[in-house]
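Below are the chains, spelled out letter by letter.
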Amino acid sequence: MDLSRRSFIGAAAAALAGGAAVSRGLRIIDEAHAADPSVTWHKAPCRYCGTGCGTEVAVRDGRAIAVRGDDASPVNAGLLCAKGYGLAEVLAAKDRITKPLIRGADGELAEATWEEALDLIADRWAEIIARDGPNAVAMYGSGQWTIPEGYAAAKLMKGGIRTNNLEVNARLCMAAAVVGYVSAYGADEPPGSYDDLDTANDVFLWGSNIAEAHPVIYQRLIMRRNSGADLRMIHFTTYDQMTSEGADETHLIKPHADLYLANAIAHVLVNEGLIDQGFIADHLAFKTTVDGTDTVLDLAGYTAFLDDYAPGAVADAVGLTTADIERLARIYGDASRNTMSMWTMGVNHSTRGGWVNSLINNLHLITGKVAKPGNSPFSLSGQASACGTCREVGTFSHRLPSDRLVANADHRAEVEEAWGLPPGSIPSPEVSPITTAVPMWQKVASGDIKAIWVSATNPFQSLPNVDENLGGITSARPFIVVSEAFPSLTVGHADVVLPAACWVEKEGMYGNSERRTQHWEKMVEPPGEAKPDAWQIVEVARRLGQRLNWDVELFPASWDAHLERALYEEYRSLTIGTAHDVASYADLLASRGMKWPVMDGRETKVRFNAAHDPNVAAKAGAALPSDGIYFYGKPDGKAVVWARPYEAPAESPNASYPFWLSTGRVMEHWHTGTMTGRVKTLHRAVPQALCFMNEDDAAALDVRAGDTVRIQSRRASIDVVVAKPDCRIRCPPGYIWVPFFDANRLINRVTLGALDPQSNEPDFKKCAVRLVKVTT
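Keep in mind it's a predicted model, so treat the numbers as computed, not measured.

Thresholds applied
- Residues numbered from 1 in each chain as written.
- Predicted model: local features only at pLDDT ≥ 70, side-chain atom pairs only at ≥ 80, totals over all residues.
- Heavy atoms only, no water.
- Salt bridge = Lys/Arg side-chain N within 4 Å of Asp/Glu carboxyl O.
- Helix = DSSP H or I, 4+ residues; strand = E, 2+ residues; numbered from the N terminus.
- Buried < 20%, exposed > 50% of the residue type's maximum accessible area, 1.4 Å probe, protein only.
- Disulfide = S-S within 2.5 Å.
- Contact = heavy atoms within 4.5 Å.
- Core = buried A, V, L, I, M, F, W, Y, C linked by side-chain atoms within 4.5 Å.
- Pairing = 2+ DSSP bridges.
- Phe/Tyr/Trp six-rings, centres within 6.5 Å; stacked < 30°, edge-to-face > 60°.
- Lys NZ or Arg CZ within 6 Å of the ring centre and 35° of its normal.
- Axes fitted to C-alpha atoms, helices over the stretch in contact; angles between N-to-C directions.

### Some words on the pattern of salt bridges
Now for step 1: The final tally for this structure, using the stated rule, is 49 salt bridges.
Now for step 2: In this structure, Asp36 engages Arg60 in a salt bridge whose closest nitrogen and oxygen atoms are separated by 2.9 Å. Residue Asp36 is found in the loop between helix H2 (31-34) and strand E1 (40-45), and its partner Arg60 is found in strand E2 (residues 54-60); the two are separated by 24 residues along the sequence.
Now for step 3: Glu212 serves as the salt-bridge partner of Arg728, at 2.2 Å between the closest nitrogen and oxygen. Of this pair, Arg728 sits in the loop between strand E27 (717-722) and strand E28 (735-739) while Glu212 sits in helix H8 (residues 210-213), and the two are 516 residues apart along the sequence. Residue Arg728 shares its accessibility class with Glu212, and that shared class is buried.
Now for step 4: Ionic contacts of the salt-bridge type, sharing partners, join the residues Glu115, Asp119, Asp123, Glu539, Arg542, Arg543, Arg547 and Asp560 into one network.

Structure below.
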C-alpha cells in the first residue's frame, strides 16, 4: 500500500480545484456528455456536508449517471469536492438494500413484504407503549434527513406517541454551536452568511480543517485571496493538516487550550481599548454563572474576570508566545478590517464546547464585528441538513419547530394548536425527560428504552466509547428498526430493516449552514422496493394510530399525492412570524434556495440588522438604535457576552497513557464511510483508516509507515497501520490522529464518552492513549 502524501490527495485534489480539467476516475462530465440529447440535468443540493453545494445531476434512461457542480449556485458557483462528484456511483452501489428485511428465529435477516415489516413495527411499538408507556420507545435520526422527513418524525414522536425521545446524530456535532448562538443572541444559527466570505479581510479558522471537511468553502477563500483580494486566513489547530498549507498563518495550540486563547484575546482587546464602546453600550449585556445561577455583570466585572487570562499568564498553556497572542488580538480589534471566525468540530467536540462557542462569539460582540456584512461568527455544520432538519425543524429531544423549546409551555401550546392536538398533548420535560443522544443509547442498552427506530445514520460506528455505551444491547435485546440504504454496523443489529430511497430518488429540502433552504425534485426511481423515510414514518404512524386509538389524524390521506410538499408547507406555517420564516414552496422551486428569514419573497443575508433583516424594525419598534442593529432573540434586544472560565479536559495524557488521540474526517470519506466507501476512486485513494503520528514518536517506538500499532485507551484497543509522517496530517509530539470512517478499525471503541454539560455533545477530540508496536 502506498502511504505517501501523494496517494491520499490524488485525483481528489484535481476535482477540488474546480478547474476545467476532467478527472476520469471521478466521472466529471465533459462537454460531450453535456451535449448528449438523451441526458437531462436537474438541480439538487449536495447530500454531504452542511456547505449545501448546488449540484446538477445527469439523468439518462431513468438513472443518475453523473453529478457536476451547479454554475448558477450562489453557494459554490460550480465548484464541487471529490465526494460530490461520486454521488451517482453511490446511488448505483450493487449492495443497496432494496427490500424490507426481518430477523427470524434463526438470527438471520430475511426478505419480507412492506406490509409484514410495517405491521410488525406497529404491533411491537403499540405493545410496548401500552405496557411500558410512551417513553419506552425512541427514534434516532439524522442531519441527512430531509426537512419533511424530520418534521414527520417530530410530529409522530412528540405529537402522536407523546414522548420527547427523539434525537439526531447532529447532537454529536452541532449541539455546542446551538448553545453558543442561543446564549449570545437568543436565537440559533449564524447572524451572517456565505456572502461574508466575499468581503471579510481576516478569517480566523478555529479547530477547523476546512480543506478536507468543507473543501468548497476553503476553495472559495483560496480563490478570492489568489485573485488579489485583501484577505488573510489565520488557522488555530492542534496539528498540521491540509488547511494549514493554504492558511497565511497557522498557530499550533495545545488540546483544549481554545478556552485560554479566546479569553486571552479578549483580555488584550479590553485592556488595549480595541473594543467598540458605543456598540457595547447600545447592544450588549454581560453575564456569568455562579453556583448554577446566571448572574449579571457589567463591563468592569467582565474586565476583572479576564484578569486571569493575560497573555503572559496563559501563553505556555496555549502553546503560543505572549507576543503572538497580543498580535492576534490586535487583528481581531482592527476596526478598519472585516473579520470572520469559522469553526467546526475542533471547537464543538469538547467537554466545554458550548463555552468555547460563547467565547468566540464574545470576540465579535465586544469589537462590534457582528450583524454587519463581512463580520460574522460562523459555525460550519457537518451534515447537509443538520441546520434545516435538526435545529430548525426541532428533531433534538429538547426542541420544537422554529426555535421553540419543549420546556416552554407557550411553545408547546403553539405547536399543539397547529397540529390539532388537545392542550397538554406534547409532554413537558417533567412528563417525558429530555434525553439526548448518548444517554438515550445508554437507556437502550440498559433496557429502559425497549424499542428504537434508527434512520439515516450509523450509531454503532459513530457514537463515542461505543463498547460501553452500547455494550448492553445484546442482553437488553431492544427491538431495533433501521431505515437505511446500505449495509452498515447498525444494520447488523436490526430486527427490521426498511430499505430507504436515497437523495434524488425522492423529493426533498435541506437547510445548510448559512440558513439556506434548498429544494430538489425526485429525479429517478429508487432501486427495488426502497421507499422515502417520510413515507415510512407516515405509514407506521397511521398503523400506530389505529392500534392505540389516536383521536387525531396527524397525516391526512389527502397529503399522499404530494407528501413531501404537504409536510414542508405545514412546517413552514409554524415558522411564519417567528423571524425564522422559511421560503415558500413556490419560491424554492424558482430559486437555488433562500436564506431565512424570508419576508415577502426576499431572503436575509445578515440578521439583526435593519438594513438587511426586515424583522428588526418590527421587533425593535421605537427602541431601534441608530445603527439599526437589534438582537431581537433577546427580550431587551441585547446580545450577551458570557464570562466563561477555563476548565480542564475530562482526560489528559499521563505516564501510562502518554498520547493525545484525536479523530475526524478526511476529504475522500464522509462520516462512517457508508456512502463514500462505495465510490471506487475514493476507496482506492483512502482504503482504510491510518494512524498519523509524529516522526520522533514513531522513531521512539521503532515503528515505520506500514507497521501496525495498537492504540489502547482506558476503554478499549484497536490495531491501526501507521501512515507516513510527511503525510496529510502532521502531528506534534505526543499526539496521534485517526479518522473514524473505517468500520474495520473502529476508533470510537477507544474514544471518550465525556459530554459537554450544556449541549451534551461528546468530546471526540481529546482522550489519552498509549501505543504498542504490533509484531507479526
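On we go.
### Here we look at the state of the cysteines
Now for step 1: Using the criterion set out here, one finds zero disulfides in the structure.
Now for step 2: Counting only cysteine sulfurs, Cys390 is the nearest neighbor of Cys387, a cysteine outside any disulfide, at a range of 8.6 Å.
Now for step 3: Cys173 supplies the cysteine sulfur nearest to Cys390, a cysteine that is in no disulfide, at a spacing of 7.6 Å.
Now for step 4: For Cys390, a relative accessible area of 0% translates into the label buried.

### Overview of the environment of Val415
Now for step 1: Locating Val415 in the fold gives a position in helix H19 (residues 409-419).
Now for step 2: In this structure, the C-alpha to C-alpha distance between Val415 and Ile426, residues eleven residues apart in sequence, is 8.3 Å.
Now for step 3: Discounting chain neighbours no more than four positions away, the residues touching Val415 are Leu400, Pro401, Arg404, Ile426 and Leu574.

### With respect to the nonpolar core
Now for step 1: Residues Trp125, Met139, Leu156 and Trp453 are the most contacted members of the largest nonpolar core, which totals 70 residues.
Now for step 2: With near-sequence residues (within four places) excluded, Met139 lies in contact with Trp145, Ala153, Leu156, Met157, Asn165, Leu166, Glu167, Met440, Ile452, Trp453 and Ile537.
Now for step 3: Counting 59 residues, the second-largest nonpolar core is a separate cluster that includes Ala315, Ala579, Ala620 and Ile629.

### Description of the pairing of strand E25 (residues 690-693)
Now for step 1: Here E25 shows two buried faces, one formed by Leu690 and Phe692 and the other by Cys691 and Met693.
Now for step 2: Where E25 meets E27, two bridges bridge the pair, whose relative direction is parallel. If you follow Cys691 over to E27, its bridge partner there is Val722.
Now for step 3: Where E25 lies against E28, two bridges are found, and the strand directions are antiparallel. Paired with Phe692 across the strands is Trp737, a residue of E28.

### Points about the packing of aromatic side chains
Now for step 1: All chains considered together, the criterion is met by 29 aromatic pairs.
Now for step 2: With a centroid separation of 6.1 Å and an interplanar angle of 70°, the aromatic rings of Tyr151 and Trp419 are classed as edge-to-face. With a gap of 268 residues between them, Tyr151 in helix H6 (residues 147-161) and Trp419 in helix H19 connect regions that are remote in the sequence.
Now for step 3: Residue classification places Tyr151 among the buried residues on the basis of a relative accessible area of 0%.
Now for step 4: The exposure class assigned to Trp419 is buried, which follows from its relative accessible area of 4%.
Now for step 5: For the ring pair Tyr239 and Trp737, a centre distance of 6.0 Å and an interplane angle of 40° mean the geometry is tilted. Of this pair, Tyr239 sits in the loop between strand E9 (232-237) and helix H10 (242-246) while Trp737 is found in strand E28, placing the two residues 498 residues apart along the sequence. Both residues of the pair, Tyr239 and Trp737, count as buried.
Now for step 6: Through a chain of ring-to-ring contacts, the aromatic side chains of Tyr181, Tyr185, Phe279, Trp343, Phe608, Phe631 and Tyr632 assemble into a single cluster.
Now for step 7: When the ring centre of Trp355 is taken as origin, the NZ or CZ atom of Arg352, which lies over that ring, is 3.6 Å away.

### What to know about the sheet that holds strand E11 (residues 284-290)
Now for step 1: Pairing is mixed across the open sheet formed by three strands, whose spatial order is E12-E11-E23. Lying at the two open borders of the sheet, with one neighbouring strand each, are strand E12 (293-297) and strand E23 (639-642). Taking the axes of each pair of neighbouring strands and ignoring which way they run, one obtains an average angle of 40° across the sheet.
Now for step 2: By the bridge criterion, five bridges tie E11 to E12 in an arrangement that is antiparallel. Each bridged residue has a counterpart across the sheet, and for Phe286 the counterpart in E12 is Leu297.
Now for step 3: The sheet strands contacting helix H17 (residues 353-367) are E11 and E23, and the helix crosses E23 at an angle near 120°.

### Notes on helix H7 (residues 175-185)
Now for step 1: Counted residue by residue, H7 has ten buried out of eleven residues, so it is predominantly covered.
Now for step 2: For H7, the set of buried residues is Ala175, Ala176, Ala177, Val178, Val179, Gly180, Tyr181, Ser183, Ala184 and Tyr185.
Now for step 3: One or two residues past the end of H7 sits Gly186, with phi positive at roughly 75°.

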